[in-house]
Amino acid sequence: MIKKYSSTFEKWGLFLIGLCLSAISFNIFYAPYNIVSGGLSGLSIIYKYLFDIDESLFVLVTSLVFLIVSYIFLGKKLTAKSAVGSILYPIFIKGTSFLPQIINFQDASTLLLVIYGGALSGLSLGLIMNSGFTSGGTHILFQLMHKYLKMSTGTAANIINGLIILLGTKTFGLTNTIYGIIALLISSHVADKVILGVSNKKAFYIITKKPDEIKDYVLNATSHNYTVVDVKGGYTNKKSKMLMCVIPTREYTMLKEIILEIDKEAFFVIIDCYEVAKAR
């Protein structure tokens, strides 16, 4: 029971820290320089410029409308994950809106600001995703498009954010749009690293005519274990054995060269491995 409470406390901590960092990134690096990188926060910058509507108020009202739509079309369970973030995020934006008066980067390179903003935004997004909650907003649109248009949430995000960035182009010009795209790319990359972690292992999937020699090398020379999997060719229907092993990244080049040295016709796939766990 204590572990459950600890886990819940940790998730809420990640969520709140993520929301706070996202709001800080928005107020320090995006809003003062009209950098639109997607999402409701990006849209709020446009509405602030065109209609002088407070960014936090715009995000709050729009998020509440999206929550109602979510409850109707997505149900209570999915809506609950977005409800708290939809309310707290605009509060965090308002609560950190004083920061540009204290931290001023007017003389700094815009590109450098975009890089820092994208990195901080990606860190915040990764923490929020790891918490199991969402900040609401356009994420609800992604879920709706996934459910009713049968597209992945990643594709939906690209479409929605792309449209918002295009709207930013019409409002602020092409240069700011390029900065917004750079910020979005950096944010996505950093978020992936936060969610998945940094890969320090490689997984090898090897199909070879000399499995015994490769098994001996993996087991004896590298001191790593391996798994033998029965496979069948999709075209020939020919059955064979596939070796699977996970090794540290620093040994990746050596194992690849040894495999080709043992069997020049070997077929293998190498992928990043973020976690190795045993079922209990």
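Structure: see above.
A brief structural summary. Keep in mind that this is a model prediction, so the values were computed, not measured. (Residues numbered from 1 in each chain as written. Predicted model: local features only at pLDDT ≥ 70, side-chain atom pairs only at ≥ 80, totals over all residues. Heavy atoms only, no water.)

## A look at a nonpolar patch on the surface
Phase 1 of the analysis: A surface patch of nonpolar side chains, amounting to about 680 Å² of accessible area, comprises Ile68, Tyr71, Ile72, Phe73, Tyr148 and Leu149.
Phase 2 of the analysis: With four residues, helix α3 (residues 55-73) is the single largest residue contributor to the nonpolar patch.
Phase 3 of the analysis: Along the chain, Ile72 turns up in helix α3. (Patch = residues over 30% accessible without salt bridge, like charges linked within 9 Å, V, L, I, M, F, W, Y side chains within 5 Å. Areas by Shrake-Rupley, 256 points an atom, 1.4 Å probe, with all protein chains shown as cover. Salt bridge = Lys/Arg side-chain N within 4 Å of Asp/Glu carboxyl O. Helix = DSSP H or I, 4+ residues; strand = E, 2+ residues; numbered from the N terminus.)

## So, the side chain of Ser86
Phase 1 of the analysis: Mapped onto the elements, Ser86 comes out in helix α4 (residues 76-95).
Phase 2 of the analysis: Excluding residues that lie within four positions of it along the chain, Ser86 makes contacts with Leu60, Ser63, Leu67, Ser135, Gly136 and Gly137. (Contact = heavy atoms within 4.5 Å.)

## What to know about the sheet that holds strand β3 (residues 239-248)
Phase 1 of the analysis: Strand order in the open sheet made by the four strands is β2-β3-β1-β4, with antiparallel pairing throughout. Across the chains shown, the open sheet's two edge strands, defined by having one partner strand only, are β2 (227-232) and β4 (267-273). Across this sheet, the average inter-strand angle for adjacent strands is 25°, counted without regard to direction.
Phase 2 of the analysis: Bridge count between strand β1 (residues 201-207) and β3: seven bridges; the pairing is antiparallel. (Pairing = 2+ DSSP bridges. Axes fitted to C-alpha atoms, helices over the stretch in contact; angles between N-to-C directions.)

## Digging into the packing of aromatic side chains
Phase 1 of the analysis: One pass over the structure, following the stated rule, counts 10 aromatic pairs.
Phase 2 of the analysis: Members of the aromatic cluster, joined through ring pairs, are Trp12, Phe15 and Phe133.
Phase 3 of the analysis: Over the ring of Tyr252 we find Lys202; its NZ or CZ atom is 5.8 Å from the centre of that ring. (Phe/Tyr/Trp six-rings, centres within 6.5 Å; stacked < 30°, edge-to-face > 60°. Lys NZ or Arg CZ within 6 Å of the ring centre and 35° of its normal.)

## With respect to the packing of α3 against helix α7 (residues 138-148)
Phase 1 of the analysis: The geometry of α3 relative to α7 is characterised by a closest axis approach of 9 Å and an angle of 25° between their N-to-C directions. The angle between α3 and α7 falls in the class roughly parallel. Crossing angle aside, the handedness with which α3 passes α7 is left-handed. Facing Phe66, Leu67, Val69, Ser70 and Phe73 of α3, the residues of α7 in contact are Thr138, Ile140, Leu141, Leu144, Lys147 and Tyr148.
Phase 2 of the analysis: Along the lines of polarity and charge, the residues of the contact of α3 with α7 split into eight nonpolar, two polar and one charged. (Parallel < 35°, antiparallel > 145°, perpendicular 65-115°, else oblique. Left-handed = near helix turned anticlockwise from the far one by under 90°. Nonpolar A, V, L, I, M, F, W, Y, C, P; charged D, E, K, R; others polar.)

## Thoughts on α4
Phase 1 of the analysis: Given a rise of 1.5 Å per residue, 20 residues ought to cover 28 Å, and the 29 Å separating the end C-alpha atoms of α4 matches this to within 8%.
Phase 2 of the analysis: The largest bend in α4 amounts to roughly 30° and is located at Ser82.
Phase 3 of the analysis: By the burial criterion, the buried members of α4 are Thr79, Ser82, Gly85, Ser86, Tyr89, Pro90 and Ile93. (Expected span 1.5 Å × (residues − 1). Bend = angle between axes of the 7 residues up to and from the residue. Buried < 20%, exposed > 50% of the residue type's maximum accessible area, 1.4 Å probe, protein only.)

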